[in-house]
Amino acid sequence: MQDKQKTIDEKNSREEEGAKASFQKIPANTGGTNTEQVKRRRRRRRKKKASTPAGQGTGRSIQENVKESEQPVKVRDEVSQQLWAVYEKAFLQLVKEPERRLIRGTEKQLGQLERRIARKKKQETHQVLADMKELHKKTEQVGYTVVQRDTAWLKRYRRVVRMLARLDVSFLKKMAPGAVAEDIAAMEKTAVLLRKKSLYEIYKEDYMQYLVGQRIEELMEAEPEKQYPEARGMKRHFILHIGPTNSGKTYQALQRLRQAYRGIYLGPLRLLALEVYDRMMASGIPCNMITGEETILTPGSFVQASTVEILNIREVYDIAVIDEAQMMADENRGSYWTRAILGIRAQEIHVCSSGTAQELLVKMIERCGDTYEIVNHERNTRLEFIPQRYDIEKDVEKGDALIAFSKKNVLAIAAELENRGIKASVIYGNLPPQTRQEQVRLFTEGYNQVVVATDAIGMGINLPIRRVIFMNTTKFDGVGMRRLLAEEIRQIAGRAGRYGYYDIGYVQSAMDMEYVGKKLAEPFYPIKRARVGFPEVLLDIDLELDEVIAAWEKTRNLPMYDKISMAESIQKYKYLKNHKKKIPFMDDRKLVLTLITCPFDVKDRDVLQLWLRYCERPEKQRECPMLPKDFSLEGLESYYKQLDLYTQFSARMDWVIDKEEVAANREWAQHEIGELLKEDKGQFEKRCRICGRPLMWDYAYPICERCYGRIGRK
């Protein structure tokens, strides 16, 4: 076996051990020396060196070495003292974490780091960028062990960190010539970020957003109230109608709206706007209905019924009604209620809300400098909870409202009931307004004994319901399945006991009876914060729109206000940016923002593709969508949503369209959907995919137990 030797770098030995450089020769052992013997000899030599007293052997103690390593280091020109201070903070001032493990083989790990960093300087750009994050993480990992335990290697580790800093600076200059490393270092969080990624990656992913965030804070008013100077110049008076569902608060506000010379109703749903329109017209008061999808104009109108998104804050009214104001805390739409309350230009404003929003409404009004009065409303009928479990097989009675939380379950329950001879109306979110109104009429007039609905029933739809039954107590909220909140249960349960039909309303559940009863009895927790929307003043920032929105979302929240979620808008913007053909108006940021905030169902592939076609060639896509080839319920509902999108897009692009054709196609689609729901709901019944046997509406599997057993035996 040839002689083996361990070479220790002369320079490292002088700096770290204070001894002269030497080559430690390991003589060959013809008697069979193996690797294990060599390792033992090395360990004995290291142990001897470590135990050498100060002033002997090496001439310096470990403490002196550590002290020297803490002295300022002269760095090359490319790494300034300001920048080096940040690297020291990142990699040499690591706080001890009790549960964190230390690595083994510190010397070997340091050698590997040196070689990796040295190789990076000779690689192509894409190769350098490939694992810079991993390299920074590894440097921090080794450094933690050096700082906390193996301080003898501190000098060498500092040199490795200095090599990394030089690599970072040179790579930053190569990738972003205009970037200044010292400016990036001035960010408060740069030291922490360096432990996970390179200086260039910090510049690209964090520093630009940091600059945008600073610019955003400069452009945005500190207080949302100041964004509406015209409203601040008025003397507005608010009447807050506070009470639970079925307490008549909206009815009383609408009584006052009838006396307006120029009034407006703002609600959460197109169906509610349509209901107010019908009430006003039935009372002989000319009324317009304007929503994002539909417009009905009446000559000589005094009142407008709209969804809250439609509000034009430049218009002046004498009386306004803002319904369901507790929705100002909603993550996706809450900003529209906040905007209406802060910015509507009306002398008398009636706000209808549950008790959870009273305290926040008062604070907002006081910050605006307006006056207010509170009118408390009590339920007109008593509400009782039945603790016994509801059994759909034997407990169904006339006037029941069975609540599920998906369209699929609603249709399956209705089909199961109608197979037993129990006629059922169905109500869910995708139903067109007239179709939903027809389903309400069939139930109200007694043609259908029960109604099966999603939680859409809880928002202002007046039905003669005797008992509300929760068929399940979980719902999908766009992210995952979760249990119903107390406010959601109260909102839905409050629909039981319609005044004028029943003196008592009942609430029952088919599962989790204790949970429902507990949430109904739970005290009201006040809403603490309202939502604000993306301000158009930020459109002047010279960055991609999705980057500006993302930076705005990361800025600090203002007192009493949170930002709405813009996740879906960013997703739509990326659809436009990555589209196969260039979108002609991408430079018009205000228009792009209008289009990506246009509400439509992105999960419906046909609707999404239609939107992209409109954006791609708006000048050649002005024809009304053709009648669908798919006449199933899903196909007809998708076509109705396409008509909605066509109406909204045409309004945003100022297209001149054939409104009569749109109205005729809309009416046709609603009629066909209504006929499908009226005739035979058996097609929506759950059945085994193999044998076709009927299944219970809440059966968890696509095949029955008998077929499953057969498959298992095979």
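Scroll up to find the structure.
It should be emphasised that the depicted structure is a prediction, and the values quoted were computed from it without experimental measurement.

Thresholds applied
Residues numbered from 1 in each chain as written. Predicted model: local features only at pLDDT ≥ 70, side-chain atom pairs only at ≥ 80, totals over all residues. Heavy atoms only, no water. Patch = residues over 30% accessible without salt bridge, like charges linked within 9 Å, V, L, I, M, F, W, Y side chains within 5 Å. Areas by Shrake-Rupley, 256 points an atom, 1.4 Å probe, with all protein chains shown as cover. Salt bridge = Lys/Arg side-chain N within 4 Å of Asp/Glu carboxyl O. Lys, Arg positive; Asp, Glu negative; His and termini not counted. Charge placed at Lys NZ, Arg CZ, Asp CG, Glu CD. Helix = DSSP H or I, 4+ residues; strand = E, 2+ residues; numbered from the N terminus. Buried < 20%, exposed > 50% of the residue type's maximum accessible area, 1.4 Å probe, protein only. Axes fitted to C-alpha atoms, helices over the stretch in contact; angles between N-to-C directions. Parallel < 35°, antiparallel > 145°, perpendicular 65-115°, else oblique. Left-handed = near helix turned anticlockwise from the far one by under 90°. Contact = heavy atoms within 4.5 Å. Nonpolar A, V, L, I, M, F, W, Y, C, P; charged D, E, K, R; others polar. Expected span 1.5 Å × (residues − 1).

## Topic: a negative patch on the surface
Here's step 1: Taken together, the side chains of E623, D658, E660 and E661 present a region of like negative charge at the surface.
Here's step 2: As for its position among the elements, D658 is in the loop between helix 25 (633–653) and helix 26 (659–679).
Here's step 3: On the basis of relative accessible area, D658 is assigned to the partly exposed category, the value being 42%.

## A few points about the packing of helix 4 (residues 81–91) against helix 8 (residues 154–175)
Here's step 1: Their axes nearest at 11 Å, the elements helix 4 and helix 8 cross at an angle of 125°. One element, helix 4, and the other, helix 8, form an angle in the oblique class. Both helix 4 and helix 8 take part in a crossing whose hand is right-handed. Facing L83, W84, Y87, E88 and F91 of helix 4, the residues of helix 8 in contact are Y157, R158, V161, R162, L164, A165, D168 and V169.
Here's step 2: Of the residues in the contact of helix 4 with helix 8, the class split is nine nonpolar, no polar and four charged.

## A look at helix 18 (residues 433–444)
Here's step 1: In this model helix 18 runs 16 Å from its N-terminal to its C-terminal C-alpha over twelve residues, within 8% of the 16 Å that 1.5 Å per residue would give.
Here's step 2: For helix 18, the full list of buried residues reads P433, T435, R436, Q439, V440, L442 and F443.
Here's step 3: Downstream of helix 18 by a residue or two, G446 has a phi angle that is positive, lying close to 85°.

## Some thoughts on the pattern of salt bridges
For side chains bearing opposite charge, pairing can occur when the charged atoms are close.
Here's step 1: Under the definition given, this model contains 42 salt bridges.
Here's step 2: With a shortest N-O distance of 2.8 Å, K197 and D206 are connected by a salt bridge. An identical accessibility class is assigned to K197 and D206; each is buried.
Here's step 3: Among the ionic pairs, E487 bridges to R490, the shortest N-O distance being 3.7 Å.

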